[in-house]
Structures are given as structure tokens and as C-alpha cells.
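So you can see what is in the structure, the chains are spelled out below.
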Amino acid sequence: MAVRAVLTVLMLFLCVTTNIIRAQQETWKELWEESDPCATKKCKKPAGSMCEVVEKNGRKTATCVCPTECPHQLDRVCSVYGRQYDNLCQLHLEACNKKKHIGVAYKGKCIASQDRCENDEIAQFPHRLLQWFQHLREVDEFGTVDMESSISTLSVQRRQALAQWKFNELDRKGDGKLDRRDLKNFRYALMPLEHCASKFFNGCDADSNKKITLEEWFDCLEVESYVD
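No experiment lies behind these values; they were computed from the predicted model shown.

Rules of the game
Residues numbered from 1 in each chain as written. Predicted model: local features only at pLDDT ≥ 70, side-chain atom pairs only at ≥ 80, totals over all residues. Heavy atoms only, no water. Disulfide = S-S within 2.5 Å. Helix = DSSP H or I, 4+ residues; strand = E, 2+ residues; numbered from the N terminus. Buried < 20%, exposed > 50% of the residue type's maximum accessible area, 1.4 Å probe, protein only. Contact = heavy atoms within 4.5 Å. Core = buried A, V, L, I, M, F, W, Y, C linked by side-chain atoms within 4.5 Å.

For the rest of this paragraph, the subject is the state of the cysteines. Summed over all chains, the structure comprises seven disulfides. Between the sulfur atoms of Cys78 and its disulfide partner Cys110 the distance amounts to 2.0 Å. Where Cys78 bonds to Cys110 through sulfur, the torsion about that S-S bond is close to 105°, and the disulfide is right-handed. Remark: Cys110 occurs in the loop between strand S5 (104-107) and helix H3 (119-142) and Cys78 occurs in strand S3 (residues 77-79); sequence separation between them is 32 residues. When its relative accessible area of 0% is taken as the criterion, Cys78 is described as buried. Classification of Cys110 by relative accessible area gives buried; the value is 10%.

Here's what the structure looks like:
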């Protein structure tokens, strides 16, 4: 009986505590939204729109709008496509004009060059990417990067194994083909860092069927050759 009583008290205590925590969370959420109504607002329509706080009946409300003009203030942002904008408004202005969502990769200048990707740069890109794969695998397997390692010392078979490791990681459905959805997050992570990324991936689909096979992946990464 004593044990049952203790358990009952514990259950009541947990229920009360849970309700208190939930109430606090709701209060914090309300206070947060009151101070910045756009904090939890996600704009989907109109396409490319941004959140703007407007006052209606004495209450601040988050509204999704497409800007028609932007301030000249310099507060740079980098998009997931590797394009740099002077401020967030400029990004949404272009997004609305194109009627598409353009995500922000990070605030500040783009690491990727804003210049056009030249032929000599695109020629080097597959080898930089394969080298990056090698470092990613080192972190995955050993928890650290060997800065002395180089794909120039790897055999063709080991470069193929490295390329296939990343291919399998990206192939969500396991069907031996990479589609746009498989590559989406990878491309968005890479494009703000490498200005040749978009041109490179567009060229990987040799037969233009919107899918990249393992053989096309090998050819694209040029695993059978190496340029120092």
C-alpha cells in the first residue's frame, strides 16, 4: 500500500510539473511572438516573400509581403545558390520577381567567388570535391582530418570506393540513381562555398534524364585521372 501511495504521489507530481512546464513554454512563446511576430512565421505565399511586421488594431501582426524597393543599407547575405546580396530585402526582391523561394545559407559575404566559373576552374573542381570527400570520410571513420592525405596517392580503385561511399550516402532511396531531391541539400551546402558547384552538377547528368547513375558519378568526378 505504501509503495502504491508513493507511486501515486510521484505520478501527480509529474503531471503537475509537466503542466507547469507546458504553461511556461506557452507563455515564453507568446512573449517571443509578441516581441518579434516574424520569429515563428514562415512565408510560402506569395512565392519569394518576406515577413514584415504591421500593426493592425493596435496589435503587431506578421505578414508575408513581396518588397517593391529596398533600402541601401549594407547587411550582406549569401543565398543557398551561392549568390551574394547587399541585404535580405534584395534577396526577396529577386525571389519575388522570379516567383521562387531563395533560401539564405548564412549572413555575411559569400565564401564562394561571385565571378563566373571559368573552364580551368571547372576542370579542377572534381578533384577538389573528391579531396573533400576523402576528408569527410576521415572524419566519419576516425573523427579527425589528415591534412597530409591526398587523392593523388590513391589508386583508381580507392578513388572509386571513395566516390561510391559518397554516392551511397546521397542515394536516399537506394535505387542506384541520384535525382534532384537526393542532391538538393548537398548542392545547397556546397554552392555558397564553391562558385563552380552549380555548373559542375549540371554537367554530371550526361544523358539529361535528370538522374545521375554511379557510372556518370565516376565520370563526373574523373576518378580515373588526377590533375595535381
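For Ser49, the location among the structural elements is in the loop between helix H1 (2-35) and strand S1 (50-56). The class of Ser49 is buried, set by a relative accessible area of 5%. Once residues within four sequence positions are removed from consideration, Ser49 is found in contact with Cys43, Cys64, Val65, Cys66, His92 and Cys96.

A few words now on unusual backbone geometry. Cis geometry marks the peptide bond from Lys45 to Pro46, where omega comes out at -10°. Looking at where Pro46 falls in the secondary structure, it is placed in the loop between H1 and S1. Although it is not a glycine, Ser208 adopts a positive phi angle of roughly 55°. For Ser208, the position within the fold is in the loop between helix H6 (197-204) and strand S7 (212-213).

In this structure, Phe186, Phe200, Trp217 and Leu221 are the most contacted members of the largest nonpolar core, which totals 29 residues. Setting aside its immediate chain neighbours within four residues, Phe200 contacts Ile122, Phe125, Pro126, Leu129, Cys220 and Leu221. Counting five residues, the second largest nonpolar core, distinct from the first, contains Val77, Tyr85, Ala95 and Ile102.

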